[in-house]
Amino acid sequence: GEDVEQSLFLSVREGDSSVINCTYTDSSSTYLYWYKQEPGAGLQLLTYIFSNMDMKQDQRLTVLLNKKDKHLSLRIADTQTGDSAIYFCAENVRGNQFYFGTGTSLTVIP
Amino acid sequence: DTAVSQTPKYLVTQMGNDKSIKCEQNLGHDTMYWYKQDSKKFLKIMFSYNNKELIINETVPNRFSPKSPDKAHLNLHINSLELGDSAVYFCASSLQGALGANVLTFGAGSRLTVL
């Protein structure tokens, strides 16, 4: 539930791939999400994955889910400067109960 | 045509004052939330309302009182503001029981600074 963990910082060069990792806690989570927060803005949904899937691809984004290890990752291919933001993973434990990770601040170096 | 709108965007006030933040959504969602984001960017649920009924009330001081006059609005009133209340407060909404993922839509945030 509450201790959803992420690395706090990640720096990559423009054009490289970024991989943001998340460890969640509740094995009964039905959906897992990735949100993006740009400076001074609210959180924006990027993508989500159903718990019975192990991979989902959406253009430059690939989500991998390892349910056994409760590990979720987001890969951004060909990272651009506009991808610089804070990325949050979240788990939907039941109904309206969501728990967010600590957030990973991604810096893309030109 | 903003989906989840909250006002004010910025609020600077003195310790001990009472203030309110308003939130409205035009998505037809039946569940609304208040989240608090601290200076380290940690995001924590405070309250959730479903069809005007309180369904989540995390460990929040009772100086914070949410009010939902209808399912499109969820306001947050804070009494006797303290320095530690300084944060960004996000309103969000979702549609309970929707087929597929229950997706949160967030407002742009209200930055509260208590001096």
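Definitions and cut-offs
Residues numbered from 1 in each chain as written. Chains lettered and ligands numbered in written order. Predicted model: local features only at pLDDT ≥ 70, side-chain atom pairs only at ≥ 80, totals over all residues. Heavy atoms only, no water. Pairing = 2+ DSSP bridges. Helix = DSSP H or I, 4+ residues; strand = E, 2+ residues; numbered from the N terminus. Buried < 20%, exposed > 50% of the residue type's maximum accessible area, 1.4 Å probe, protein only. Contact = heavy atoms within 4.5 Å. Buried area = accessible area lost by both parts, 1.4 Å probe. Salt bridge = Lys/Arg side-chain N within 4 Å of Asp/Glu carboxyl O. Polar contact = N/O pair within 3.5 Å; in protein donor to acceptor, adjacent residues only side chain to side chain. Nonpolar A, V, L, I, M, F, W, Y, C, P; charged D, E, K, R; others polar.

Draft legend 1. Inspection of the sheet that holds strand β3 (residues 18–23) of chain A at higher detail. Residue and element names in this part refer to chain A. Strand order in the open sheet formed by five strands is β1-β3-β8-β7-β6, and the pairing between neighbours is antiparallel. Looking at the sheet topology across the chains shown, the edges are occupied by β1 (5–6) and β6 (55–58). The pairing of strand β7 (residues 61–66) with strand β8 (residues 71–76) spans six bridges and is antiparallel. Note on β8: the bridge partner recorded for leucine 65 is leucine 72.

Draft legend 2. Expanded view of the environment of B:Gly84. Residues and elements named next belong to chain B. Mapped onto the fold, glycine 84 is located in the loop between β8 (73–78) and β9 (87–94). Since its relative accessible area comes to 54%, glycine 84 is described here as exposed. Sequence-wise, glycine 84 and lysine 40 are 44 residues apart; in three dimensions their C-alpha atoms are separated by 13 Å.

Draft legend 3. View of the interface of chain B and chain A. At the junction of the two partners, chain B supplies 25 residues and chain A supplies 21 residues. Between chain B and chain A lies a buried interface of about 1800 Å² when both sides are counted; carbon and sulfur atoms form 57% of it. On the chain B side of the contact with chain A, B:Leu43, B:Ala101 and B:Asn102 bury the most area, a combined 24% of that side's loss. Summed over the shared surface of chain B and chain A, the result is zero salt bridges. At the junction of chain B with chain A, the criterion picks out three residue pairs in polar contact (both at pLDDT 80 or more). At the level of secondary structure, the elements contributing two or more residues to the side of chain B that touches chain A comprise β4 (31–37), β5 (43–50), β6 (53–57) and β9 of chain B. In terms of residue class, the side of chain B that touches chain A is built from 13 nonpolar, eight polar and four charged.

Draft legend 4. The arrangement of the pairing of β9(B) in detail. All names here are of chain B. The buried count for β9 comes to eight of eight residues, which makes it a mostly enclosed element. Burial along β9 is two-sided: Ala87, Tyr89, Cys91 and Ser93 facing one way and Val88, Phe90, Ala92 and Ser94 facing the other are all buried. As defined by bridge partners, β4 adjoins β9 across seven bridges and the pair is classed as antiparallel. Counted as the bridge partner of tryptophan 34 is cysteine 91 from β9. Sheet analysis places β9 next to strand β11 (residues 110–114), joined by three bridges and oriented antiparallel. Of the residues in β11, the one forming a bridge with tyrosine 89 is serine 110. One ladder, built from two bridges, connects β9 with strand β10 (residues 105–106); its direction is antiparallel. Following the sheet pairing, serine 93 is matched in β10 by threonine 105.

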